[in-house]
Amino acid sequence: AWLLTVLGGYLAVLGAVLCLSCGLYYAAELAEEYSVLTGKLLRYATQGVVAGHLLLCLDGFPFGRCVTGILCHGAYAWLLNDYPRLELSSPAFILAILAFLLSHYSWFTFLASGEGPFLPFVNSLGFFAVFVWLVPFSLFVSLSINDNELPLG
């Protein structure tokens, strides 16, 4: 009976990974097809997450961590200035990656240390999905837009 349970668990994980990869592929296709709309949606998402960080600050979350999140999304907004051209070696891209790592570390240590309110795993995952991962992963999905451009000069 335990073998069937383990096999079922592995099949469930495999199915979830397959669904996630199909979803990311479809999102990349849509971002490639509608690059102007994707840029606008990324700007709106960035503004929405910054507004969410301000609300978190008003709700009693640590001021420094909220400011860190806002500054990180400022780095993503700087990256959107040249959208859809994302150069992997540009200072804006490198700063955005460092900002992502800083934001992830900052919020993870806050939630894991018990400083803030206790959140069940699903709630913590939702928090990370909106406040930490939404904009950077959307930018990651849209990296394929550059692949179909003709080189200039």
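Note that the structure is a prediction, hence the values are computed from the model and not measured. Every residue gets a number counted from 1 within its own chain, in the order that chain's sequence is written. Totals for whole chains, interfaces and linings use all residues, but because this is a predicted model, local features are given only for residues with pLDDT of at least 70 and pairs of side-chain atoms are given and counted only at 80 or more. Think of the side-chain values as coming from all heavy atoms in the structure, minus any hydrogens and water.

Student: Sorry, what's going on with the overall build of the chain here?
Tutor: Scanning the chain from N- to C-terminus turns up 5 helices and 0 strands. By the criteria applied, helices consist of DSSP H or I runs no shorter than four residues and strands consist of E runs no shorter than two, each listed in order from the N terminus. What you see in the chain, going N to C, is helices and strands ordered as α-α-α-α-α. Taken over the C-alpha atoms alone, the chain extends approximately 65 × 45 × 25 Å along its principal axes. Split into buried and exposed, the 153 residues of the chain put 31% on the buried side. Whether two residues are in contact is decided by their heavy atoms, any of which lying within 4.5 Å being enough. Sequence-distant contacts, at least 24 apart, represent 70% of the contacts inside the chain between residues at least 6 apart. Charge counting follows a simple rule: Lys and Arg are positive, Asp and Glu are negative, and His as well as the terminal groups are ignored. Where a charge lies is defined by one atom per residue type: Lys uses NZ, Arg uses CZ, Asp uses CG and Glu uses CD. Put simply, the chain has 4 plus and 9 minus side-chain charges, and the middle of one group is 9 Å from the middle of the other. Residue burial is assigned from relative accessible area. The probe radius is 1.4 Å, only protein chains are included, and a residue is buried under 20% of its type maximum, exposed over 50%, and partly exposed in between.

Student: Mind showing me how you'd approach the packing of aromatic side chains here?
Tutor: Stacked, tilted and edge-to-face are the three classes applied to pairs of Phe, Tyr and Trp rings, where Trp contributes its six-membered ring and a pair requires centres within 6.5 Å; stacked means planes under 30 degrees apart, edge-to-face means over 60, and tilted covers the rest. Scanning all chains against the criterion turns up 10 aromatic pairs. For the ring pair Phe 128 and Trp 133, a centre distance of 5.4 Å and an interplane angle of 45° mean the geometry is tilted. Considering the side-chain rings of Trp 133 and Phe 137, the 6.0 Å spacing of their centres and the 15° angle between planes classify their relative orientation as stacked. Of the two residues, Trp 133 and Phe 137 are both situated in helix α5 (residues 121–141); the distance of 4 residues between them amounts to about one turn of the helix. Residue Phe 137 is classed as partly exposed on the basis of its relative accessible area, which comes to 43%. Here a set of aromatic residues connected by ring pairs shows up, and it is made of Phe 61, Phe 100, Trp 107, Phe 110, Phe 127, Phe 128, Phe 131, Trp 133 and Phe 137.

Student: Whenever I open this one, the packing of helix α3 (residues 63–79) against α5 confuses me. Can you help?
Tutor: What describes two packed helices is the angle between their axes and the distance between those same axes. Two elements in contact, α3 and α5, have axes separated by 11 Å at closest approach and are oriented at 15°. Relative to α5, the element α3 lies roughly parallel. For the pair α3 and α5, the sense of crossing is left-handed. Between α3 and α5, the residues in contact are His 73, Tyr 76 and Leu 79 and Phe 131, Val 135, Pro 136 and Leu 139, respectively. Grouping the constituent residues of the contact of α3 with α5 by class yields 6 nonpolar, 1 polar and no charged. Note on geometry: axes are C-alpha line fits, over the in-contact stretch for helices, and angles between N-to-C directions span 0 to 180 degrees. In these notes the angle categories are as follows: under 35 degrees is roughly parallel, over 145 is roughly antiparallel, 65 to 115 is roughly perpendicular, and the rest is oblique. By convention, the crossing between two helices is left-handed when the near helix turns anticlockwise from the far helix through less than a right angle, and right-handed when the turn is clockwise. Residues were grouped as follows: Ala, Val, Leu, Ile, Met, Phe, Trp, Tyr, Cys and Pro as nonpolar; Asp, Glu, Lys and Arg as charged; and all remaining residues, including Gly, as polar.

Student: I tried to follow a nonpolar patch on the surface on my own but got confused; where do I start?
Tutor: A cluster of nonpolar side chains, namely Tyr 26, Leu 30, Tyr 34, Leu 37, Leu 41 and Tyr 44, defines an oily patch on the protein surface of about 670 Å² accessible area. Elements supplying a minimum of two residues to the nonpolar patch: α1 (2–33) and α2 (35–58). Tallying contributions element by element places α2 first for the nonpolar patch, with 3 residues. Relative to the assigned elements, Leu 41 resides in helix α2. Like-charged residues are merged into a patch within 9 Å and nonpolar side chains (Val, Leu, Ile, Met, Phe, Trp, Tyr) within 5 Å, provided each residue has over 30% relative accessible area and no salt bridge. Throughout, the Shrake-Rupley method with a 1.4 Å probe supplies accessible areas, and for residues the shown protein chains are the sole cover considered. In what follows, salt bridge is the name for a side-chain nitrogen of Lys or Arg lying within 4 Å of a carboxyl oxygen of Asp or Glu.

Student: Honestly, the environment of Gly 39 in this entry has me stumped. Any pointers?
Tutor: Within the secondary structure layout, Gly 39 lies in helix α2. Residue class for Gly 39 comes out buried when judged on its relative accessible area of 9%. For Gly 39 and Phe 93, which are 54 residues apart along the polypeptide, the C-alpha to C-alpha distance reads 16 Å.

Student: What's the story with the nonpolar core in this structure? I'm lost.
Tutor: Buried together is how nonpolar side chains tend to be arranged in soluble globular proteins. We define a nonpolar core as any set of buried Ala, Val, Leu, Ile, Met, Phe, Trp, Tyr and Cys residues linked to one another through side-chain atoms lying within 4.5 Å. With 28 residues, the main nonpolar core has Trp 107, Phe 127 and Leu 139 as its most contacted residues. Only α2, α3, α4 (91–113) and α5 provide two or more residues apiece to this core. With 8 residues, α4 is the largest single contributor of residues to this core. When residues no more than four places from it in sequence are discounted, the contact partners of Leu 139 are Leu 42, Tyr 76, Leu 79, Leu 80, Tyr 83 and Leu 86.

Student: When you look at the environment of Val 141 in this model, what are you seeing that I'm missing?
Tutor: Among the structural elements, Val 141 can be located in helix α5. C-alpha of Val 141 to C-alpha of Ala 27: the two residues are 114 residues apart in sequence and 6.9 Å apart in space.

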